[in-house]
Amino acid sequence: MSHVYCTECGFQNPETANYCSRCGALLEKGEGGGEATQTFSPEEVGELAHVAVEGLEGPALVVRSGGGRAGESFRPTGDRTRIGRSPDCEVFLDDVTVSRNHAVLVRRDGEFFVEDQGSLNGTFVNRRRIDTVKLENGDELQIGKYRLTFVEL
């Protein structure tokens, strides 16, 4: 049986499916159409972490893909930086795949942690769904359809 991969979350669905069984996105099928999933080794992610952030000081989240915002960066604000679809969040990601108050970036004792806030689609770090995890330089966060890299300079 052939499969089709969701362009939003990467989930492998049966070829007969019209919508992703994980995130509900419309599946793009056909010859040569749609986006291709690109994979990177940890070394390549580390290299990418420094590409779009020249001149940026301190820790940051850099958008790698999603919403046409690749290259945009967000610096933590204080000890708690809210990430979500609500315009009140410091990291505003305007897409239905992102919960209003999706996750929070927390600074504790000079280290950064990301905590899911009970979001519907979950928060992923390095492709693993998490509740809370300590972030390391080059870690990839997935929040809805957005992929962000944590850069600690």
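Structure: above.
Below is a short write-up of the structure. Everything numeric in this text was worked out from a predicted model, so none of it was measured.

What counts and how
Every chain is numbered on its own, with residues counted from 1 as its sequence reads. With pLDDT at 70 or above as the cut-off, local features in this predicted model cover only qualifying residues; side-chain atom pairs require 80 or more to be listed or tallied, and sums for whole chains, interfaces and linings still use all residues. As a rule here, side-chain values come from all non-hydrogen atoms in the structure, and water together with hydrogens is ignored. Two strands qualify as a pair provided that DSSP identifies no fewer than 2 bridges between them. Each helix corresponds to a stretch of at least 4 residues labelled H or I by DSSP, and each strand to a stretch of at least 2 residues labelled E; elements are numbered beginning at the N terminus. Buried Ala, Val, Leu, Ile, Met, Phe, Trp, Tyr and Cys residues that are joined via side-chain atoms within 4.5 Å together make up what is termed a nonpolar core. Partly exposed describes any residue whose relative accessible area lies between the buried limit of under 20% and the exposed limit of over 50%, with all areas from a 1.4 Å probe on protein chains only and scaled to the type maximum. When checking whether two residues touch, look at their non-hydrogen atoms; a contact exists if any pair is within 4.5 Å. A pairing counts as a salt bridge when a side-chain nitrogen of Lys or Arg comes within 4 Å of a carboxyl oxygen of Asp or Glu. Whenever two N or O atoms come within 3.5 Å, that pair is a polar contact, provided that in protein one can donate a hydrogen and the other can accept it, and provided that, for residues adjacent in sequence, both atoms are side-chain atoms.

**Things to note about the pairing of strand β7 (residues 103–108)**
And then number 1: In the sheet, strand β5 (residues 80–84) pairs with β7 via four bridges, with the strands oriented antiparallel. For Arg 80, the partnering residue across the bridge sits in β7 and is Val 106.
And then number 2: The sheet contact formed by β7 and strand β8 (residues 111–116) spans six bridges and is antiparallel. Bridging from a neighbouring strand, Val 106 pairs with Phe 113 of β8.

**Section: the sheet that holds β5**
And then number 1: Reading across from one edge, β6-β5-β7-β8-β11 is the order of the five strands in this open sheet, with mixed pairing throughout. For this open sheet the edge positions go to β6 (91–92) and β11 (132–134), each flanked by a neighbour on one side alone.

**Structural notes on the sheet that holds strand β10 (residues 128–130)**
And then number 1: With respect to topology, six strands assemble into an open sheet ordered β4-β3-β13-β12-β9-β10, the strand pairing being antiparallel. Both outer strands of the open sheet, β4 (73–74) and β10, are each paired with one neighbouring strand and no more.
And then number 2: In terms of strand pairing, strand β3 (residues 60–65) meets β4 through two bridges, oriented antiparallel. Residue pairing for β4: Val 62 is matched across the bridge by Ser 73.

**Points about the nonpolar core**
And then number 1: Counting residues in hydrophobic clusters, the biggest one holds 19 residues, and the most contacted among them are Ile 83, Leu 93, Leu 141, Ile 143 and Leu 148.
And then number 2: Of all the elements, strand β13 (residues 146–151) adds the most residues to this core, at three residues.
And then number 3: In this structure Leu 93 touches Arg 69, Ile 83, Gly 84, Arg 85, Val 98, Ile 143, Tyr 146 and Leu 148, once residues within four positions along its chain are discounted.
And then number 4: Membership of the second largest hydrophobic core comes to seven residues, among which are Val 4, Cys 6, Cys 20 and Ala 25.

**What about the pairing of β3?**
And then number 1: Note: β3 against β13, five bridges, orientation antiparallel. Residue pairing in the sheet places Leu 61 in a bridge with Phe 150 of β13.

**Observations concerning unusual backbone geometry**
And then number 1: Even without being a glycine, Asp 109 presents a positive backbone phi close to 50°.
And then number 2: Structurally, Asp 109 is set in the loop between β7 and β8.

**Side note on the pattern of salt bridges**
And then number 1: Applying the stated criterion across every chain yields a total of seven salt bridges.
And then number 2: Among the ionic pairs, Arg 69 bridges to Glu 72, the shortest N-O distance being 2.8 Å.
And then number 3: Using a relative accessible area of 17% as the deciding quantity, one classes Arg 69 as buried.
And then number 4: Accessibility expressed as a relative area gives 33% for Glu 72, which makes it partly exposed.
And then number 5: Residue Arg 82 is joined to Glu 90 by a salt bridge in which the shortest nitrogen-to-oxygen separation is 3.3 Å.
And then number 6: Its relative accessible area of 34% is what places Arg 82 among the partly exposed residues.
And then number 7: On the accessibility criterion, Glu 90 (33% relative accessible area) is partly exposed.
And then number 8: One network of salt bridges, in which partners are shared, links Glu 111, Lys 134 and Glu 136.

**Re the side chain of His 102**
And then number 1: With respect to the helices, strands and loops of the structure, His 102 is situated in the loop between β6 and β7.
And then number 2: His 102 gets classed as buried once you look at its relative accessible area, which sits at 0%.
And then number 3: At 3.3 Å, the side chain of His 102 and the side chain of Ser 119 are in polar contact.
And then number 4: Of the polar contacts made by the side chain of His 102, one reaches the backbone oxygen of Gly 122; its length is 2.8 Å.

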